[in-house]
Amino acid sequence: MTTDPTTVADNVVVEIEYTLIVDSEVLDSSNDEGPLEYLHGHDNIVPGLEKALAGKKVGDSLQVTVSPEEGYGEYDEEATAHVPREEIPAEVPLEEGVEIIMEDDDGEELSAVIVWVGADEVKLDFNHPLAGRELEFEVKVVGLREATEEELEHGHAHMEGHAH
Ligand code: ZN
């Protein structure tokens, strides 16, 4: 018989309500999809937010400003590529702003955005859409529980009905 953890610490599953604001615009909120569960200490959320939550208790609310370095990274000019049009899957519309999933040489999936369409080539941007942006989080800790062995093995929380 174990008791639930009382503070946010490594290997604890933390349930949070959150709102993400970038440039005064709400980009994401648990009001839409319900609270989020994540496994603390496993890079499941951006480093700046994870750091700020360490040691917090259920009921604690906080506002956190996260710099790009501790968020989705600085914008990397090098993380773009020109790709022949024929390498883009036929079902993808060749338009600026369209998100696409590409595979690298190791078969890893990378998401990219088409940022330019030329006669023979398109330019893809592999930066995270929030790279280089400062993130404002309003967060409330609403639950803490011990992680299961399976969650620790996988390195992430299994939300109800979303086990994998
Ligand atoms: Zn899993």
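Preceding block: the structure.
Because the structure is predicted, anything quoted here is derived from the model rather than measured.

A. Representation of the nonpolar core in the model. Counting residues in hydrophobic clusters, the biggest one holds 21 residues, and the most contacted among them are Val14, Leu49, Leu53, Leu135 and Phe137. Sorting the residues of this core by element identifies strand E1 (12–22), helix H2 (47–53), strand E4 (61–66) and strand E9 (135–146) as the ones contributing at least two each. Ranked by the residues each element gives to this core, the list is headed by E1, at six residues. In this structure Phe137 touches Thr19, Leu20, Val46, Leu49, Leu62, Gln63, Val64 and Val66, once residues within four positions along its chain are discounted.

B. Region of interest: the pairing of E1. Extensive coverage of E1 is indicated by the burial of nine of its 11 residues. Pairing between E1 and E9: 10 bridges, direction antiparallel. Across the sheet, residue Leu20 finds its bridge partner in E9, namely Phe137. Here four bridges tie E1 to strand E3 (residues 36–39), and the two strands are oriented antiparallel to one another. Within E3, the residue paired with Val13 across the bridge is Leu39. Strand direction decides the pairing type here: E1 and strand E2 (residues 25–29), joined by four bridges, are antiparallel.

C. A look at the pattern of salt bridges. On inspection of all chains with the given rule, the structure shows four salt bridges. Residues Arg133 and Asp23 are paired through a salt bridge, measuring 2.8 Å at the closest nitrogen-oxygen approach. With a gap of 110 residues between them, Arg133 in the loop between strand E8 (121–125) and E9 and Asp23 in the loop between E1 and E2 connect regions that are remote in the sequence. The class of Asp23 is exposed, set by a relative accessible area of 61%. Between Lys51 and Glu70 there is a salt bridge, and its shortest N-O distance comes to 2.3 Å. In this pair, Lys51 sits in helix H2 while Glu70 sits in the loop between E4 and strand E5 (80–84), placing the two residues 19 residues apart along the sequence. We classify Glu70 as partly exposed; its relative accessible area is 27%. Residues participating in the shared-partner salt-bridge network are Glu37, Arg145 and Glu151.

D. Here's a closer look at the sheet that holds E8. One open sheet accounts for four strands, arranged E5-E8-E7-E6; its pairing is antiparallel. Because the sheet does not close on itself, it has two edges, and the strands there are E5 and strand E6 (99–103). This sheet shows a mean twist of 45° between the axes of neighbouring strands, independent of strand direction.

E. Representation of the pairing of strand E7 (residues 109–117) within the structure. Of the strand pairs in this sheet, E6 and E7 are connected by five bridges, and their pairing is antiparallel. Across the sheet, Glu103 pairs through a bridge with Glu109, a residue of E7. In this antiparallel pair of consecutive strands, E6 and E7, the connection spans five residues, and Gly107 shows a positive phi of 80°. Of the pairings in the sheet, the one linking E7 to E8 comprises four bridges and is antiparallel in character. Residue pairing for E8: Ile114 is matched across the bridge by Leu124. Taking the residues between adjacent antiparallel strands as the criterion, E7 and E8 are bridged by three residues.

Cut-offs and rules
Residues numbered from 1 in each chain as written. Predicted model: local features only at pLDDT ≥ 70, side-chain atom pairs only at ≥ 80, totals over all residues. Heavy atoms only, no water. Core = buried A, V, L, I, M, F, W, Y, C linked by side-chain atoms within 4.5 Å. Buried < 20%, exposed > 50% of the residue type's maximum accessible area, 1.4 Å probe, protein only. Helix = DSSP H or I, 4+ residues; strand = E, 2+ residues; numbered from the N terminus. Contact = heavy atoms within 4.5 Å. Pairing = 2+ DSSP bridges. Salt bridge = Lys/Arg side-chain N within 4 Å of Asp/Glu carboxyl O. Axes fitted to C-alpha atoms, helices over the stretch in contact; angles between N-to-C directions.

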